[in-house]
Amino acid sequence: MIAMGPWSYVFLISAVGIFTGFIVQRKLNELPDLVTNLDEEYDYVIVGGGTAGCVLANRLSEQQDVTVLLLEAGQDDRDHPTVPIPFKTLESAHTSIDWDYRTVPQKQALKAFKEQKAWWHRGKILGGSSNINDMIYTRGLKQDYDSWAKNGAEGWAYSDVLPYFMKSENNENADFVKSGYHKMGGPLKVGRSKTHGLTNHLVRAGKEMGFKVININGAESDGIVEIQSTIHKGKRQSSSRSFLYPALWRPNLYVKTDSLVTKILLKNKKAVGVTVMHNKTISDVRARKEVILSAGTVGSAQLLLLSGIGPEKHLKSLKIPVHADLPVGDNLQDSLSLDYPVGINRPLSITQERLESPWEQVKYMVFGKGMLASPNGFEMVTFTSSASNQDKSWPDVQLQFRGTLGDVVYGQILGFSNQTLHDISQRERFKDGMSCFSNILRPHSRGTLRLSSANPLQTPVIDPKYLENKSDVDILLAGIKLCKKLLGTPSMKKLEAAYAELPSSACPGLEFDTDEYWRCVIRARAQPAARPVGTCRMGSVKDPLVVTDPKLRIKGVENLRVVDASVIPSLPSGTTHIPTIMIAEKAADLIKQAQT
Ligand SMILES: Cc1cc2nc3c(=O)[nH]c(=O)nc-3n(C[C@H](O)[C@H](O)[C@H](O)COP(=O)(O)OP(=O)(O)OC[C@H]3O[C@@H](n4cnc5c(N)ncnc54)[C@H](O)[C@@H]3O)c2cc1C
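Numbering of residues begins from 1 in every chain and follows the order in which that chain's sequence is written. Note on the predicted model: pLDDT of at least 70 is required for a residue's local features to be given, and 80 or more for side-chain atom pairs to be given and counted; whole-chain, interface and lining totals, by contrast, use all residues. For side-chain calculations, the full set of non-hydrogen atoms in the structure is used, while hydrogens and water are omitted.

The protein chain appears in an unreviewed UniProt entry as Glucose dehydrogenase [FAD, quinone]-like isoform X7 from Elysia marginata. UniProt positions are given in the numbering used here, feature names are shortened, and annotations may be inferred rather than shown by experiment. According to its UniProt record, the protein chain has this under Sequence similarities (unreviewed entry): "Belongs to the GMC oxidoreductase family." Regarding the protein chain, the relevant UniProt record gives this comment under Cofactor (unreviewed entry): "FAD".

**Q** Would you mind going over the packing of aromatic side chains in detail, with residue names and values included?
**A** A pair of aromatic rings is counted whenever rings of Phe, Tyr or Trp (Trp by its six-membered ring) have centres within 6.5 Å, and the orientation is called stacked for planes under 30 degrees apart, edge-to-face for over 60 and tilted otherwise. By the definition in use, this model includes 14 aromatic pairs. Taking 4.3 Å as the distance between ring centres and 35 degrees as the angle between the ring planes, the aromatic pair formed by Phe-113 and Phe-416 counts as tilted. Taken together, the residues Phe-113 in the loop between strand S3 (101-102) and strand S4 (119-120) and Phe-416 in the loop between helix H12 (408-414) and helix H13 (418-425) connect sequence positions 303 residues apart. Phe-416 shares its class with Phe-113; the two are buried. Ring plane angle 70 degrees and centroid distance 5.1 Å describe the contact between Phe-512 and Tyr-517, whose orientation is recorded as edge-to-face. Of the aromatic side chains, those joined through ring pairs into one cluster are Tyr-340, Tyr-499, Phe-512, Tyr-517 and Trp-518. Between the NZ or CZ atom of Arg-525 and the centre of the ring of Phe-416, over which it lies, the distance is 5.5 Å. Geometrically, a lysine NZ or arginine CZ counts as sitting over a ring once it is within 6 Å of the ring centre and also within 35 degrees of the ring normal. Across from the ring centre of Trp-156, 5.0 Å away, lies the NZ or CZ of Lys-586, which sits over that ring. To qualify as a helix, a DSSP run of H or I must reach at least 4 residues; to qualify as a strand, a run of E must reach at least 2; elements of each kind are numbered from the N terminus. Any residue under 20% of the maximum accessible area for its type is buried, any over 50% is exposed, and the rest in between are partly exposed; the area is computed with a 1.4 Å probe on protein chains only.

**Q** Describe the nonpolar core, with residues and values.
**A** Nonpolar side chains in soluble globular proteins generally cluster together in the buried interior. In terms of nonpolar packing, the biggest core is built from 159 residues, with Leu-56, Trp-156, Leu-304, Ile-309 and Leu-560 touching the most fellow members. Of all the elements, helix H14 (residues 470-487) adds the most residues to this core, at 10 residues. Any pair of residues with heavy atoms lying within 4.5 Å of one another is described as a contacting pair. Not counting chain neighbours up to four residues away, the residues in contact with Ile-309 comprise Leu-266, Leu-304, Leu-315, His-323, Ala-324, Leu-326, Val-328, Ile-554, Val-557 and Leu-560. One finds Ile-85, Phe-87, Leu-372 and Ala-373 within the second-largest nonpolar core, a separate group that totals eight residues. Take the buried Ala, Val, Leu, Ile, Met, Phe, Trp, Tyr and Cys residues and link them wherever side-chain atoms come within 4.5 Å; each set so joined is a nonpolar core.

**Q** I'd like a rundown of the site of the ligand, residues and numbers included.
**A** Near, as used in this document, describes a residue that has one of its heavy atoms within 4 Å of the molecule or strand being considered. Residues in contact with the ligand amount to 36 residues; listed here are only the nearest, Thr-51, Glu-72, His-121, Ser-129 and Thr-576. We call two N or O atoms a polar contact when they sit within 3.5 Å, provided that within protein one can donate a hydrogen and the other can accept it, with sequence-adjacent residues counted only if both atoms are side-chain atoms. Between an oxygen atom of the ligand and a main-chain N or O atom of Ile-125, the distance comes to 3.3 Å. A distance of 3.0 Å is found between an oxygen atom of the ligand and a backbone nitrogen or oxygen belonging to Ala-565. Protein coverage of the free-state accessible area of the ligand, which is 1,000 Å², stands at 96%. Elements with a minimum of two residues in the shell around the ligand: helix H2 (51-60), strand S12 (260-266) and helix H17 (577-595). Among the elements that make up the shell around the ligand, the one with the highest residue count is H17 (three residues). Here the nonpolar group is Ala, Val, Leu, Ile, Met, Phe, Trp, Tyr, Cys and Pro; Asp, Glu, Lys and Arg are the charged ones; every other residue, Gly included, is treated as polar. Grouping the amino acids of the shell around the ligand by side-chain chemistry returns 15 nonpolar, 16 polar and five charged. Computed with a 1.4 Å probe, the accessible areas rest on the Shrake-Rupley method; for each residue, only the protein chains presented here act as cover.

**Q** So, the state of the cysteines: which residues are in play, and what are the values?
**A** What counts as a disulfide here is a pair of cysteine sulfur atoms lying within 2.5 Å. Summed over the entire model, instances satisfying the criterion amount to two disulfides. Sulfur-sulfur distance for the disulfide between Cys-436 and Cys-483 comes to 2.1 Å. One quick way to see it: the torsion about the S-S bond of Cys-436 and Cys-483 is about -75 degrees, and its sign makes the bridge left-handed. Here Cys-483 lies in helix H14 and Cys-436 lies in strand S20 (residues 432-440), a separation of 47 residues in the sequence. The class of Cys-483 is buried, set by a relative accessible area of 1%.

**Q** Can you break down H2 residue by residue, with the values?
**A** Within H2, 10 of the 10 residues are buried, leaving the element largely enclosed by the surrounding structure. Looking at H2, one finds that the buried residues are Thr-51, Ala-52, Gly-53, Cys-54, Val-55, Leu-56, Ala-57, Asn-58, Arg-59 and Leu-60.

**Q** Pulling in residues and values, what's your account of unusual backbone geometry?
**A** Not every positive phi belongs to a glycine, and Leu-110 is a case in point at roughly 60 degrees. Examined against the element boundaries, Leu-110 turns out to sit in the loop between S3 and S4. Despite not being glycine, Asn-268 shows a phi value in the positive range, around 50 degrees. By relative accessible area, which is 72% here, Asn-268 ends up exposed.

**Q** Lay out the UniProt feature "binding site: FAD" (unreviewed entry) in the protein chain with the relevant residues and their values.
**A** The UniProt record annotates "binding site: FAD" (unreviewed entry) at Val-261. On the basis of relative accessible area, Val-261 is assigned to the buried category, the value being 10%.

**Q** Let's hear about empty space enclosed by the protein: which residues, and what values?
**A** In the cavity and pocket records, a cavity denotes points on a 1 Å grid over the protein atoms alone where a 1.4 Å probe fits but cannot get out, a pocket denotes an open set with protein on both sides within 12 Å along at least 5 of 7 lines, and lining residues are residues with an atom within 4 Å of a point. Grid points are joined across faces, edges and corners, and a volume is the space filled by probe spheres set on the points. If you walk through the whole model with that rule in mind, you get four cavities of 30 Å³ or more. What the largest cavity holds in volume is close to 60 Å³. Around the largest cavity, the lining residues are Leu-338, Asp-339, Tyr-410, Gly-411, Leu-414, Phe-416, Ile-424, Arg-427, Arg-525 and Gln-527. Looking at the lining of the largest cavity, the elements with two or more residues in it are strand S17 (336-344) and H12. Of all the elements, H12 adds the most residues to the lining of the largest cavity, at three residues. Taken together, the residues of the lining of the largest cavity sort by class into five nonpolar, two polar and three charged. The space that makes up the second largest cavity amounts to roughly 50 Å³. Around the second largest cavity, the lining residues are Leu-338, Asp-339, Tyr-499, Glu-501, Ser-504, Trp-518, Val-521 and Arg-525. For the lining of the second largest cavity, the secondary-structure elements that each account for two or more residues are S17 and helix H16 (515-525). Split into classes, the residues belonging to the lining of the second largest cavity amount to four nonpolar, one polar and three charged.

**Q** Can you explain the pattern of salt bridges? Please cite residues and give values.
**A** Only one rule defines a salt bridge in this text: a Lys or Arg side-chain nitrogen within 4 Å of an Asp or Glu carboxyl oxygen. Overall, the coordinates contain 30 salt bridges when judged by the stated rule. One salt bridge connects Glu-226 with Arg-192, and the closest N-O pair in it is separated by 3.8 Å. Linking Glu-226 in strand S7 (residues 223-226) with Arg-192 in strand S6 (residues 188-192), this pair joins segments that are 34 residues apart in sequence. In this structure Glu-226 comes out as buried when scored by relative accessible area, which is 18%. Judged by relative accessible area, Arg-192 falls into the partly exposed class, the value being 37%. One salt bridge in this structure joins Asp-515 and Lys-481, with 3.1 Å as the shortest N-O distance. Of the two residues, Asp-515 is situated in helix H16 and Lys-481 in helix H14; the sequence distance between them amounts to 34 residues. Each of Arg-59, Glu-62, Glu-585 and Lys-592 takes part in a single network of salt bridges with overlapping partners.

**Q** Explain the packing of helix H4 (residues 158-168) against H17 to me, and be specific about the residues and the numbers.
**A** Helix axes are fitted to C-alpha atoms over the stretch in contact, other axes to C-alpha atoms as well, and angles between N-to-C directions run from 0 to 180 degrees. Contact pair H4 / H17: the axes reach a minimum separation of 9 Å and the direction vectors enclose 100 degrees. Comparing the axis directions of H4 and H17 gives the class roughly perpendicular. Of the residues in H17, those touching H4 at Val-161, Tyr-164, Phe-165, Lys-167 and Ser-168 are Ile-578, Pro-579, Ile-581, Met-582, Glu-585, Lys-586 and Asp-589. Relative orientations are named as follows: roughly parallel for angles under 35 degrees, roughly antiparallel for angles over 145 degrees, roughly perpendicular for angles from 65 to 115 degrees, and oblique for any other angle.

**Q** Residue-level account of the side chain of Ser-300, with values.
**A** Residue placement: Ser-300 occurs in helix H8 (residues 296-306). For Ser-300, a relative accessible area of 0% translates into the label buried. Residues contacting Ser-300, with those up to four places away along its chain left out, are Leu-293, Ser-294, Ala-295, Cys-536, Val-562, Asp-564 and Ser-566.

Here it is, written out as structure tokens:
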């Protein structure tokens, strides 16, 4: 018999892993083809095959007696090489699967960015932004939803929405399930991610600062959180993978990609279909029951405006006939985040060299584990309150720890100016490190989205008005102070943790590390946290600031709903993927009820 050395085992295991991956990929490829031609009419036409669109496509096509068409502007995601690999999130940046938006120059923020513009990364692919996001599973807090209901979104209080969070979830952690806040058996697999050595040290450091370890998706709201993520066996659980693929066999569900919807067809204040552009060919498709917009915070608002639903004055200025005068595009809100880079002197973080090592590659390919399975490096977050926060059970500050030091390439992707890229290059002194991101949980600043022209191929004018409300600066500053405090804990001192840059060139003449200095850095370097919501705000029909009623129907227009992150009236405390899935789950029931 031939004796096998350790490398032979590694080789054998890798071969089995690669073979299994190949079989799984083949199985995915065996899913039915998507449609190439459109019929004239369907019962429901869903615009946008992203996070919400895939949930809706699944839930509505559960009814065998209706036909459902899902139209997506981007490509099919099933053979994309990097999208399923969690740590490769940023490889989608500025590619064909990224809408690659830019904001207009910001007056009070982004001073260290080229032209003071922010890059908005949004998914243009089946699965939408769920295929390019960081996969952190947070739902938002009880107070968020109770405040939605109090402000006119009747039926959206926490007790109303909790069953929908649980409906979609398949949580692999039995302890969470026992808590009564989580469930097994839903389409969306939710796991725990601990892939790099820093997480344990960070949890210890948090405890030394007096924080408790909590489940932010349960009863508690102030503490440190070892994150849950939408990753299973090392694969991103996008909305397409979780909700759409299992439904693709249904004969009443039709999915068409590379299809940009350019207009909603309206007749006597009633939506009757949409105009679609595919390979430069334009056609109309009719909806017998409803048109549902799930094109996201940018896409849904843009499409309503193009179709004559929006602020009358703006539409008239572009010579677009007005069908409904509504505040579409107002109430835009997004969170900002400031990166506080920390160098350490222990080999614990995610580095390019380690990612490329044969050990990490084999670990990922065979077991679906290791650094490549990390939710873009984010494995621990903290929720807490700034000094001025009145309700300490409703935190306003979030720290997000990323187990890698963002480098110059990362800075280039974000769009920093050359001078700031030079500042970032100082981090190269440290081989290991991390970022402590200070985030605003509920921003006070409000912006707008408007059309730049009546041409659907032109990108809209996005103006988030970042930091125009000074309270947002105070919240970010409170977070930075907590990051600094963390460096002083015994656990971090053991790692020789230190701030990884020199004073910022964007704030010359200010004494380093004073509040004044950090306020300047915040206005220069804080970056979008990728949580834009609110352009088609939901609420009471009597409220002039509202676009959709609590059943997500456009005010004053029949057979037209919006179901995606754009209807969110105020940003929930945390990331927005899971709230968007919840919205789509609840919307599917509302739509089904309307037919009975
Ligand atoms: C980089 C990044 C990181 C993030 N990280 C997290 C995270 O870790 N956790 C979390 O909870 N949330 C995160 N988010 C936020 C979360 O992913 C989004 O809030 C959520 O996916 C939004 O869902 P949606 O359905 O509103 O829009 P999307 O998922 O963006 O879907 C909109 C879809 O509509 C399509 N579309 C647009 N216009 C048209 C048109 N005219 N015709 C046809 N199709 C159209 C788009 O191509 C897209 O597929 C992140 C987002 C980004 C961008």
